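Chain by chain, the residues:
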Amino acid sequence: MNDKYGRKINYLRVSVTDLCNLRCKYCMPEEGVLRKSHNEILSLEEFYEIIKCSTELGIDKIRITGGEPLVRKGIVSLIKKISELGAIKDIAMTTNGLLLEKYAYDLKNAGLKRVNISLDTLNSEKFKEITRGGNLDKVLRGIEAANNVSLTPIKINTVLIGGFNDDEIEKFAQMTIDYNIHVRFIELMPIGHASKWTKEKFISNNTVLKKLPSLIPLEEEQGVPAKYYKLPNAKGKIGLINPISRHFCSTCNRIRLTADGKIKPCLHSDKEIDIKTIIRNDKSKLKEILTEAILQKPEKHHINDEGYKPIVRDMVKIGG
Ligand code: SAM
Ligand code: SF4
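Residues numbered from 1 in each chain as written. Chains lettered and ligands numbered in written order. Predicted model: local features only at pLDDT ≥ 70, side-chain atom pairs only at ≥ 80, totals over all residues. Heavy atoms only, no water.

## Quick look at the site of ligand 2
The full set of residues close to ligand 2 is Cys-20, Leu-22, Cys-24, Cys-27, Gly-67, Asn-96 and Val-316. In terms of residue class, the shell around ligand 2 is built from five nonpolar, two polar and no charged. (Near = heavy atom within 4 Å. Nonpolar A, V, L, I, M, F, W, Y, C, P; charged D, E, K, R; others polar.)

What follows is the structure, given as C-alpha coordinates:
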(Lines give C-alpha, C1' and ligand atoms only; values in the text may rest on other atoms or scores of the structure.)
(Ligands and ions follow the chains in the order given, each with its own letter.)
Protein backbone atom coordinates (compact mmCIF):
# COMPACT_ATOMS: atom_id res chain seq x y z
CA MET A 1 0.00 0.00 0.00
CA ASN A 2 1.00 3.64 -0.30
CA ASP A 3 1.92 5.74 2.71
CA LYS A 4 0.70 9.30 3.34
CA TYR A 5 3.35 10.70 1.00
CA GLY A 6 2.55 8.41 -1.92
CA ARG A 7 5.46 6.05 -1.43
CA LYS A 8 4.67 2.43 -2.20
CA ILE A 9 5.69 0.38 0.84
CA ASN A 10 6.52 -3.15 -0.27
CA TYR A 11 9.58 -4.03 1.82
CA LEU A 12 9.63 -5.46 5.36
CA ARG A 13 12.90 -5.92 7.23
CA VAL A 14 12.55 -8.46 10.01
CA SER A 15 14.97 -8.63 12.92
CA VAL A 16 14.59 -12.19 14.21
CA THR A 17 16.83 -11.79 17.26
CA ASP A 18 18.68 -9.04 19.07
CA LEU A 19 21.46 -11.42 20.09
CA CYS A 20 24.73 -11.54 18.20
CA ASN A 21 27.96 -13.52 18.08
CA LEU A 22 29.97 -10.31 17.51
CA ARG A 23 30.10 -6.96 19.34
CA CYS A 24 30.74 -4.34 16.64
CA LYS A 25 31.71 -1.07 18.29
CA TYR A 26 29.20 1.09 16.39
CA CYS A 27 26.31 -1.29 16.83
CA MET A 28 26.17 -2.65 20.35
CA PRO A 29 27.60 -1.98 23.80
CA GLU A 30 30.78 -3.79 24.87
CA GLU A 31 28.92 -5.79 27.51
CA GLY A 32 26.46 -7.07 24.89
CA VAL A 33 22.69 -6.88 25.27
CA LEU A 34 20.67 -8.41 28.06
CA ARG A 35 19.08 -11.66 26.94
CA LYS A 36 15.33 -11.11 26.94
CA SER A 37 13.03 -13.77 28.28
CA HIS A 38 11.47 -16.17 25.80
CA ASN A 39 8.13 -14.45 26.14
CA GLU A 40 9.47 -10.99 25.30
CA ILE A 41 10.65 -12.07 21.85
CA LEU A 42 8.33 -13.01 18.99
CA SER A 43 8.16 -16.71 18.24
CA LEU A 44 8.92 -17.98 14.74
CA GLU A 45 5.21 -18.66 14.26
CA GLU A 46 4.40 -15.05 15.22
CA PHE A 47 6.98 -13.70 12.77
CA TYR A 48 5.42 -15.87 10.09
CA GLU A 49 1.89 -14.69 10.80
CA ILE A 50 2.88 -11.02 10.74
CA ILE A 51 4.79 -11.48 7.47
CA LYS A 52 1.88 -13.38 5.94
CA CYS A 53 -0.53 -10.62 6.94
CA SER A 54 1.83 -7.94 5.56
CA THR A 55 1.58 -9.54 2.10
CA GLU A 56 -2.12 -8.56 2.10
CA LEU A 57 -0.94 -4.94 2.19
CA GLY A 58 1.46 -5.40 -0.70
CA ILE A 59 4.69 -6.43 1.03
CA ASP A 60 6.54 -8.64 -1.46
CA LYS A 61 10.13 -8.23 -0.35
CA ILE A 62 11.54 -9.52 2.95
CA ARG A 63 14.97 -9.13 4.51
CA ILE A 64 15.88 -11.28 7.50
CA THR A 65 18.30 -9.54 9.82
CA GLY A 66 19.18 -9.28 13.52
CA GLY A 67 21.27 -9.11 15.80
CA GLU A 68 22.80 -12.00 13.95
CA PRO A 69 19.94 -13.88 12.23
CA LEU A 70 21.89 -17.13 11.98
CA VAL A 71 22.07 -17.50 15.77
CA ARG A 72 18.25 -17.77 15.95
CA LYS A 73 17.25 -21.42 16.26
CA GLY A 74 14.82 -22.54 13.56
CA ILE A 75 15.69 -19.71 11.17
CA VAL A 76 16.07 -22.03 8.17
CA SER A 77 12.55 -23.40 8.59
CA LEU A 78 11.11 -19.88 8.95
CA ILE A 79 12.80 -18.89 5.68
CA LYS A 80 11.39 -21.97 4.00
CA LYS A 81 7.85 -21.05 5.09
CA ILE A 82 8.22 -17.42 3.99
CA SER A 83 9.66 -18.38 0.61
CA GLU A 84 6.66 -20.62 0.06
CA LEU A 85 4.29 -17.65 0.42
CA GLY A 86 3.31 -16.97 -3.17
CA ALA A 87 3.26 -13.19 -2.65
CA ILE A 88 6.91 -12.94 -1.63
CA LYS A 89 9.07 -12.24 -4.67
CA ASP A 90 12.35 -11.63 -2.90
CA ILE A 91 13.78 -12.94 0.35
CA ALA A 92 17.30 -11.99 1.40
CA MET A 93 19.37 -11.91 4.57
CA THR A 94 21.88 -9.54 6.16
CA THR A 95 24.47 -11.45 8.17
CA ASN A 96 27.95 -11.05 9.60
CA GLY A 97 28.83 -14.24 7.73
CA LEU A 98 30.37 -16.13 10.67
CA LEU A 99 27.89 -19.01 10.41
CA LEU A 100 27.41 -19.00 6.64
CA GLU A 101 29.90 -21.79 6.09
CA LYS A 102 27.61 -23.98 8.19
CA TYR A 103 24.23 -22.76 6.85
CA ALA A 104 24.68 -21.54 3.25
CA TYR A 105 23.54 -24.80 1.66
CA ASP A 106 20.45 -25.17 3.89
CA LEU A 107 19.51 -21.52 3.39
CA LYS A 108 19.66 -21.86 -0.37
CA ASN A 109 17.54 -25.02 -0.24
CA ALA A 110 15.03 -23.25 1.99
CA GLY A 111 14.50 -20.62 -0.71
CA LEU A 112 16.74 -17.74 0.41
CA LYS A 113 17.73 -15.79 -2.70
CA ARG A 114 20.83 -13.89 -1.61
CA VAL A 115 22.89 -12.52 1.26
CA ASN A 116 24.42 -9.21 2.28
CA ILE A 117 27.53 -9.79 4.34
CA SER A 118 28.85 -7.09 6.64
CA LEU A 119 32.63 -6.65 6.52
CA ASP A 120 34.41 -3.47 7.54
CA THR A 121 38.05 -4.49 7.15
CA LEU A 122 40.15 -7.08 5.33
CA ASN A 123 42.78 -7.09 8.06
CA SER A 124 42.44 -9.81 10.73
CA GLU A 125 43.74 -7.68 13.60
CA LYS A 126 41.52 -4.74 12.70
CA PHE A 127 38.55 -7.10 12.30
CA LYS A 128 39.17 -8.38 15.83
CA GLU A 129 39.31 -4.81 17.08
CA ILE A 130 36.12 -3.46 15.46
CA THR A 131 34.05 -6.59 16.20
CA ARG A 132 35.60 -7.03 19.65
CA GLY A 133 37.02 -10.49 19.00
CA GLY A 134 35.73 -11.77 15.63
CA ASN A 135 37.54 -14.14 13.29
CA LEU A 136 37.96 -12.73 9.77
CA ASP A 137 38.90 -16.08 8.18
CA LYS A 138 35.55 -17.52 9.20
CA VAL A 139 33.72 -14.67 7.46
CA LEU A 140 35.81 -15.11 4.31
CA ARG A 141 34.99 -18.83 4.31
CA GLY A 142 31.33 -17.88 4.75
CA ILE A 143 31.46 -15.61 1.69
CA GLU A 144 32.97 -18.45 -0.32
CA ALA A 145 30.27 -20.86 0.88
CA ALA A 146 27.52 -18.40 -0.09
CA ASN A 147 29.07 -17.99 -3.51
CA ASN A 148 29.38 -21.75 -3.98
CA VAL A 149 25.63 -22.24 -3.50
CA SER A 150 24.75 -19.13 -5.57
CA LEU A 151 23.28 -16.96 -2.83
CA THR A 152 24.04 -14.23 -5.32
CA PRO A 153 24.70 -11.46 -6.14
CA ILE A 154 26.70 -11.30 -2.92
CA LYS A 155 26.73 -7.82 -1.45
CA ILE A 156 29.47 -6.83 0.96
CA ASN A 157 28.34 -4.03 3.31
CA THR A 158 31.26 -1.92 4.50
CA VAL A 159 30.55 0.83 7.00
CA LEU A 160 33.04 3.65 6.45
CA ILE A 161 34.78 4.56 9.70
CA GLY A 162 37.12 7.56 9.68
CA GLY A 163 40.70 6.68 10.62
CA PHE A 164 39.84 2.98 10.68
CA ASN A 165 39.08 1.69 7.19
CA ASP A 166 39.32 4.70 4.86
CA ASP A 167 42.78 3.37 3.93
CA GLU A 168 41.18 0.13 2.69
CA ILE A 169 38.74 1.59 0.15
CA GLU A 170 40.97 0.66 -2.81
CA LYS A 171 41.47 -2.87 -1.43
CA PHE A 172 37.71 -3.42 -1.10
CA ALA A 173 37.14 -1.97 -4.55
CA GLN A 174 39.76 -4.34 -5.96
CA MET A 175 37.53 -7.30 -4.95
CA THR A 176 35.02 -6.25 -7.62
CA ILE A 177 37.57 -6.62 -10.42
CA ASP A 178 37.73 -10.43 -10.33
CA TYR A 179 34.41 -11.32 -8.69
CA ASN A 180 30.82 -10.42 -9.52
CA ILE A 181 30.15 -9.03 -6.08
CA HIS A 182 28.73 -5.67 -5.01
CA VAL A 183 30.83 -3.81 -2.48
CA ARG A 184 28.67 -1.16 -0.83
CA PHE A 185 30.14 1.59 1.31
CA ILE A 186 27.67 2.78 3.94
CA GLU A 187 27.89 6.00 5.91
CA LEU A 188 28.14 5.54 9.67
CA MET A 189 24.88 6.59 11.33
CA PRO A 190 24.40 8.05 14.84
CA ILE A 191 22.28 5.40 16.53
CA GLY A 192 21.83 4.26 20.11
CA HIS A 193 24.57 4.14 22.73
CA ALA A 194 27.40 4.58 20.20
CA SER A 195 26.05 7.75 18.58
CA LYS A 196 28.72 10.04 20.04
CA TRP A 197 31.48 7.70 18.84
CA THR A 198 29.92 7.36 15.39
CA LYS A 199 29.59 11.15 15.01
CA GLU A 200 33.30 11.52 15.71
CA LYS A 201 34.24 8.80 13.20
CA PHE A 202 31.82 9.83 10.45
CA ILE A 203 33.25 10.42 6.99
CA SER A 204 31.15 11.10 3.94
CA ASN A 205 31.00 8.64 1.07
CA ASN A 206 32.55 11.36 -1.11
CA THR A 207 35.83 9.99 0.26
CA VAL A 208 35.22 6.90 -1.89
CA LEU A 209 34.74 9.01 -5.02
CA LYS A 210 37.95 10.90 -4.28
CA LYS A 211 39.95 7.70 -3.70
CA LEU A 212 38.57 5.97 -6.80
CA PRO A 213 38.59 8.61 -9.56
CA SER A 214 38.17 6.01 -12.31
CA LEU A 215 34.69 4.94 -11.08
CA ILE A 216 32.11 4.92 -13.84
CA PRO A 217 28.56 5.82 -12.69
CA LEU A 218 25.88 3.28 -13.60
CA GLU A 219 22.25 3.99 -14.37
CA GLU A 220 20.14 4.72 -11.25
CA GLU A 221 18.07 1.72 -10.11
CA GLN A 222 14.56 2.37 -8.82
CA GLY A 223 13.83 1.51 -5.19
CA VAL A 224 17.43 0.83 -4.13
CA PRO A 225 19.25 3.16 -1.74
CA ALA A 226 22.67 2.54 -3.30
CA LYS A 227 24.05 4.63 -6.14
CA TYR A 228 26.14 2.19 -8.18
CA TYR A 229 29.46 2.62 -9.97
CA LYS A 230 31.92 0.30 -11.68
CA LEU A 231 35.67 0.21 -12.04
CA PRO A 232 36.84 -0.18 -15.65
CA ASN A 233 36.89 -3.91 -16.58
CA ALA A 234 35.41 -4.97 -13.24
CA LYS A 235 33.05 -7.96 -12.97
CA GLY A 236 31.30 -6.51 -9.91
CA LYS A 237 29.94 -3.13 -8.81
CA ILE A 238 30.59 -0.55 -6.12
CA GLY A 239 27.64 1.01 -4.31
CA LEU A 240 27.47 4.13 -2.19
CA ILE A 241 24.76 4.30 0.44
CA ASN A 242 24.56 7.80 1.86
CA PRO A 243 21.84 7.92 4.50
CA ILE A 244 23.44 11.05 5.97
CA SER A 245 24.98 13.11 3.17
CA ARG A 246 22.29 12.41 0.55
CA HIS A 247 19.36 10.69 2.16
CA PHE A 248 16.95 8.54 0.16
CA CYS A 249 13.80 9.21 2.24
CA SER A 250 11.72 10.27 -0.78
CA THR A 251 12.00 6.78 -2.27
CA CYS A 252 12.05 4.81 1.00
CA ASN A 253 9.84 1.73 0.58
CA ARG A 254 10.46 -0.08 3.87
CA ILE A 255 9.22 -0.66 7.39
CA ARG A 256 10.89 -2.73 10.08
CA LEU A 257 9.77 -5.39 12.55
CA THR A 258 11.89 -5.86 15.67
CA ALA A 259 12.46 -9.11 17.54
CA ASP A 260 10.54 -7.76 20.55
CA GLY A 261 7.49 -7.12 18.41
CA LYS A 262 7.57 -3.45 17.44
CA ILE A 263 7.01 -1.99 13.99
CA LYS A 264 9.41 0.85 13.20
CA PRO A 265 8.11 3.03 10.35
CA CYS A 266 11.45 4.91 10.16
CA LEU A 267 14.93 3.81 11.26
CA HIS A 268 15.82 7.27 12.55
CA SER A 269 12.76 7.88 14.69
CA ASP A 270 11.94 6.48 18.14
CA LYS A 271 8.33 6.02 17.04
CA GLU A 272 7.43 2.33 17.43
CA ILE A 273 4.11 0.54 17.13
CA ASP A 274 3.51 -2.44 19.37
CA ILE A 275 2.40 -5.45 17.35
CA LYS A 276 3.28 -8.15 19.90
CA THR A 277 0.32 -7.33 22.12
CA ILE A 278 -1.97 -7.38 19.10
CA ILE A 279 -0.80 -10.73 17.77
CA ARG A 280 -1.11 -12.28 21.23
CA ASN A 281 -4.48 -10.81 22.15
CA ASP A 282 -6.46 -9.84 19.08
CA LYS A 283 -5.14 -11.23 15.82
CA SER A 284 -8.10 -9.81 13.91
CA LYS A 285 -6.48 -6.36 14.29
CA LEU A 286 -3.13 -7.37 12.75
CA LYS A 287 -3.81 -5.87 9.34
CA GLU A 288 -5.19 -2.69 10.89
CA ILE A 289 -2.06 -2.16 13.01
CA LEU A 290 0.25 -2.78 10.06
CA THR A 291 -1.75 -0.26 8.03
CA GLU A 292 -1.47 2.27 10.84
CA ALA A 293 2.32 1.74 11.01
CA ILE A 294 2.67 2.42 7.28
CA LEU A 295 0.53 5.55 7.57
CA GLN A 296 2.73 6.79 10.43
CA LYS A 297 5.87 6.69 8.30
CA PRO A 298 7.37 10.19 8.43
CA GLU A 299 8.21 12.08 5.25
CA LYS A 300 11.94 12.12 6.05
CA HIS A 301 14.48 11.73 8.81
CA HIS A 302 15.90 14.71 10.68
CA ILE A 303 19.48 13.61 11.35
CA ASN A 304 20.94 16.71 9.77
CA ASP A 305 18.64 19.12 11.63
CA GLU A 306 19.92 21.29 14.45
CA GLY A 307 19.25 19.63 17.83
CA TYR A 308 18.48 16.17 16.38
CA LYS A 309 18.65 13.54 19.11
CA PRO A 310 19.84 10.07 17.95
CA ILE A 311 17.36 7.28 18.51
CA VAL A 312 17.73 5.33 21.74
CA ARG A 313 17.44 1.75 20.47
CA ASP A 314 20.82 0.27 19.47
CA MET A 315 21.18 -0.94 15.89
CA VAL A 316 21.67 -4.53 17.10
CA LYS A 317 18.04 -4.39 18.29
CA ILE A 318 16.76 -3.01 14.99
CA GLY A 319 18.64 -4.81 12.28
CA GLY A 320 19.94 -2.12 9.95
N1 SAM B 1 24.50 -9.03 12.28
C2 SAM B 1 24.14 -8.79 10.94
C3 SAM B 1 25.23 -8.04 10.22
O4 SAM B 1 26.15 -7.52 10.86
O5 SAM B 1 25.15 -8.00 8.99
C6 SAM B 1 22.81 -8.09 10.76
C7 SAM B 1 22.46 -6.97 11.68
S8 SAM B 1 23.48 -5.53 11.56
C9 SAM B 1 22.72 -4.47 12.75
C10 SAM B 1 22.97 -4.88 9.99
C11 SAM B 1 23.88 -3.85 9.38
O12 SAM B 1 23.82 -2.65 10.13
C13 SAM B 1 25.35 -4.22 9.29
O14 SAM B 1 25.77 -4.12 7.95
C15 SAM B 1 26.04 -3.17 10.14
O16 SAM B 1 27.31 -2.84 9.66
C17 SAM B 1 25.07 -2.01 10.03
N18 SAM B 1 25.19 -1.05 11.10
C19 SAM B 1 25.12 -1.26 12.44
N20 SAM B 1 25.26 -0.10 13.12
C21 SAM B 1 25.43 0.87 12.18
C22 SAM B 1 25.62 2.30 12.22
N23 SAM B 1 25.67 2.94 13.38
N24 SAM B 1 25.75 2.96 11.06
C25 SAM B 1 25.70 2.30 9.87
N26 SAM B 1 25.51 0.98 9.76
C27 SAM B 1 25.39 0.27 10.90
FE1 SF4 C 1 26.34 -8.03 15.46
FE2 SF4 C 1 25.84 -7.18 13.02
FE3 SF4 C 1 25.78 -5.47 15.06
FE4 SF4 C 1 28.10 -6.46 14.29
S5 SF4 C 1 26.75 -5.16 13.08
S6 SF4 C 1 27.34 -6.34 16.41
S7 SF4 C 1 27.57 -8.46 13.64
S8 SF4 C 1 24.42 -7.14 14.76
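## Let's talk about the site of ligand 1
Around ligand 1 sit 18 residues in total, of which Tyr-26, Gly-67, Thr-95, Ser-118 and Met-189 are the nearest. Contact distances for ligand 1 include 3.1 Å between an oxygen atom and a side-chain N or O atom of Tyr-26. Glu-68 places a polar side-chain atom, nitrogen or oxygen, 3.2 Å from a nitrogen atom of ligand 1. In isolation ligand 1 exposes 540 Å². Once the protein is present, 95% of that is buried. Counting only elements with at least two residues in the shell around ligand 1, the list comes to β3 (90-95) and β5 (155-160). Here the shell around ligand 1 is composed, by residue class, of six nonpolar, 10 polar and two charged. (Polar contact = N/O pair within 3.5 Å; in protein donor to acceptor, adjacent residues only side chain to side chain. Areas by Shrake-Rupley, 256 points an atom, 1.4 Å probe, with all protein chains shown as cover. Helix = DSSP H or I, 4+ residues; strand = E, 2+ residues; numbered from the N terminus.)

## Things to note about the side chain of Arg-114
Mapped onto the fold, Arg-114 is located in strand β4 (residues 114-118). By relative accessible area, Arg-114 is classed as buried at 11%. Side-chain polar atoms of Arg-114 contact the side chain of Asp-90, separated by 2.5 Å. The contacts of Arg-114, once residues within four sequence positions are left out, are Lys-61, Arg-63, Asp-90, Ile-91, Ala-92, Met-93, Leu-151, Thr-152, Pro-153 and Lys-155. (Buried < 20%, exposed > 50% of the residue type's maximum accessible area, 1.4 Å probe, protein only. Contact = heavy atoms within 4.5 Å.)

## A few points about the packing of aromatic side chains
Evaluated as defined, the whole model comprises one aromatic pair. Arranged with centres 6.3 Å apart and planes meeting at 90°, the rings of Phe-172 and Phe-185 form a pair that is edge-to-face. One end of the pair, Phe-172, is in helix α6 (residues 169-178); the other, Phe-185, is in strand β6 (residues 182-187), and 13 residues separate them in sequence. Across the pair, Phe-185 and Phe-172 agree in class, each one buried. One Lys or Arg, Lys-126, reaches over the ring of Phe-164 and ends 5.2 Å from the middle of that ring. (Phe/Tyr/Trp six-rings, centres within 6.5 Å; stacked < 30°, edge-to-face > 60°. Lys NZ or Arg CZ within 6 Å of the ring centre and 35° of its normal.)

## A word on helix α3 (residues 100-110)
Residues of α3 that are buried: Leu-100, Ala-104, Leu-107 and Ala-110. Along the axis of α3, the buried positions cluster into a sector of 140°, meaning they face one direction only. Residues of α3 that are exposed and angled more than 90 degrees away from the buried face: Lys-102, Tyr-105 and Asn-109. (Arc of directions from axis to C-beta.)

## Considerations on the pattern of salt bridges
Counted by the stated rule, this structure contains 20 salt bridges. Close ionic contact of Glu-49 with Lys-283 constitutes a salt bridge, the shortest N to O distance being 3.4 Å. Placement of Glu-49 in helix α1 (residues 44-55) and of Lys-283 in the loop between α9 (276-281) and α10 (286-295) is noted, with a sequence separation of 234 residues between them. Where Lys-126 meets Glu-168, a salt bridge forms, and the shortest distance between an N and an O atom there is 2.8 Å. One end of the pair, Lys-126, is in helix α4 (residues 124-131); the other, Glu-168, is in the loop between β5 and α6, with 42 residues separating them in the sequence. Of the residues examined, Lys-126 reaches a relative accessible area of 17% and is grouped as buried. (Salt bridge = Lys/Arg side-chain N within 4 Å of Asp/Glu carboxyl O.)

## Some words on unusual backbone geometry
Here the amide bond leading from Thr-152 into Pro-153 is cis, since omega sits at 0°, within 30 degrees of zero. Locating Pro-153 in the fold gives a position in the loop between α5 (136-148) and β5. One non-glycine residue, Arg-132, lies in positive phi territory at about 55°. With respect to the helices, strands and loops of the structure, Arg-132 is situated in the loop between α4 and α5. Located in the positive-phi region is Ser-150, a residue other than glycine, with phi close to 60°. On the basis of relative accessible area, Ser-150 is assigned to the partly exposed category, the value being 37%.

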